[in-house]
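# Examining the three-dimensional arrangement
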Amino acid sequence: MTTRVKICGMSDEASVKAAIAAGADYLGFIIFPKSPRGVTLADAARLSALKGSAKSVAVLVDPDDALLGQVLRVLAPDIIQLHGQESPERCLDARNYAGEGVWKAVPVGGAADVARASRYAGFADAILFDAKPPAGADRPGGWGEGYDYSLVKGFDALPFILAGGLTPENVAGAITASGAPAVDAVSGVESAPGVKDAARIMAFLSAVKRLEMR
Ligand SMILES: O=C(O)c1ccccc1NCC(=O)[C@H](O)[C@H](O)COP(=O)(O)O
């Protein structure tokens, strides 16, 4: 089975080119100033122009209508990923600003969190399961923390993407444990927060492809 891959936190041309060369399906642009990988909309648009057949994902945290409008005008992303406290109805609103749909990030601490993600069925197009951020964190994602990936196995209310602590070293095991049809990495393909590592991006994609060939 083919597993889709999103490399998130694109902030420079070299890493966009590395992700495309490695075969990434989605490139994530984090429009959130507190992130070490945060980019301006103008920079996201400039980098997104290099995406070729990959899809662009605008990662936003509780955006208001004004920001959604700017995102549409400047970046025109294929996907909007909502990574805050957005309700199902807010996900539905955000669909008007994305070419292909909305992904809702849901932090997973236990089985109840996974079950609660079903409430987004009919409102979002996919769930991105992620780790819970550390207490007092100033951003909701990109912490490199994992969790028990088998908790999401069998989730079928919506398509899902597995995220949270994925690395070239653990992604094959995580796919096997979760049955994920798509995976997403930020910290695991960096050499330092916000600094993408082309060799680790390539190793991540290679690990996914090796698993598919088994
Ligand atoms: O990565 C960030 O800095 C970030 C900041 C604010 C909102 C979302 C963010 N990341 C979004 C993602 O989709 C990450 O891939 C996800 O949180 C997993 O990150 P990691 O565990 O570092 O791979």
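In the annotation of an unreviewed UniProt entry, the entry for the protein reads N-(5'-phosphoribosyl)anthranilate isomerase, and the organism field reads Glycocaulis alkaliphilus. Heading Pathway (unreviewed entry) of the UniProt record for the protein holds this comment: "Amino-acid biosynthesis; L-tryptophan biosynthesis; L-tryptophan from chorismate: step 3/5." The UniProt entry for the protein carries the following comment under Catalytic activity (unreviewed entry): "N-(5-phospho-beta-D-ribosyl)anthranilate = 1-(2-carboxyphenylamino)-1-deoxy-D-ribulose 5-phosphate".

### Topic: the pairing of strand β3 (residues 55-60)
Most of β3 sits out of view: 5 of its 6 residues are buried. Where strand β2 (residues 26-30) lies against β3, 5 bridges are found, and the strand directions are parallel. Within β3, the position partnered with Leu-27 by the bridge is Ser-56. Where the polypeptide runs from β2 across helix α2 (residues 41-48) and back to β3, its parallel neighbour, the crossover connection is right-handed. Looking at chain direction, β3 and strand β4 (residues 79-82) are connected through 4 bridges and run parallel. Residue pairing for β4: Val-57 is matched across the bridge by Ile-79. Crossover handedness for the path β3 to helix α3 (residues 65-74) to β4: right-handed.

### Observations regarding the packing of helix α6 (residues 171-178) against helix α7 (residues 198-213)
In contact at an axis separation of 8 Å, α6 and α7 are set at 45° when each is read in the N-to-C sense. Taken together, the axes of α6 and α7 are oblique relative to one another. The two elements α6 and α7 meet at a crossing, and its hand is right-handed. Where α6 abuts α7, its residues Val-171, Ala-172 and Ile-175 lie against Phe-204, Ala-207, Val-208, Arg-210 and Leu-211. Looking at the contact of α6 with α7 residue by residue, the class counts come to 7 nonpolar, no polar and 1 charged.

Reading guide: rules and limits
Residues numbered from 1 in each chain as written. Predicted model: local features only at pLDDT ≥ 70, side-chain atom pairs only at ≥ 80, totals over all residues. UniProt positions renumbered as here; feature names shortened; annotations may be inferred. Buried ≥ 20, exposed ≤ 12 C-beta atoms within 10 Å, placed from the backbone. Helix = DSSP H or I, 4+ residues; strand = E, 2+ residues; numbered from the N terminus. Pairing = 2+ DSSP bridges. Right-handed = clockwise from strand over helix to strand, strands pointing away. Axes fitted to C-alpha atoms, helices over the stretch in contact; angles between N-to-C directions. Parallel < 35°, antiparallel > 145°, perpendicular 65-115°, else oblique. Left-handed = near helix turned anticlockwise from the far one by under 90°. Contact = placed C-beta atoms within 7 Å. Nonpolar A, V, L, I, M, F, W, Y, C, P; charged D, E, K, R; others polar.

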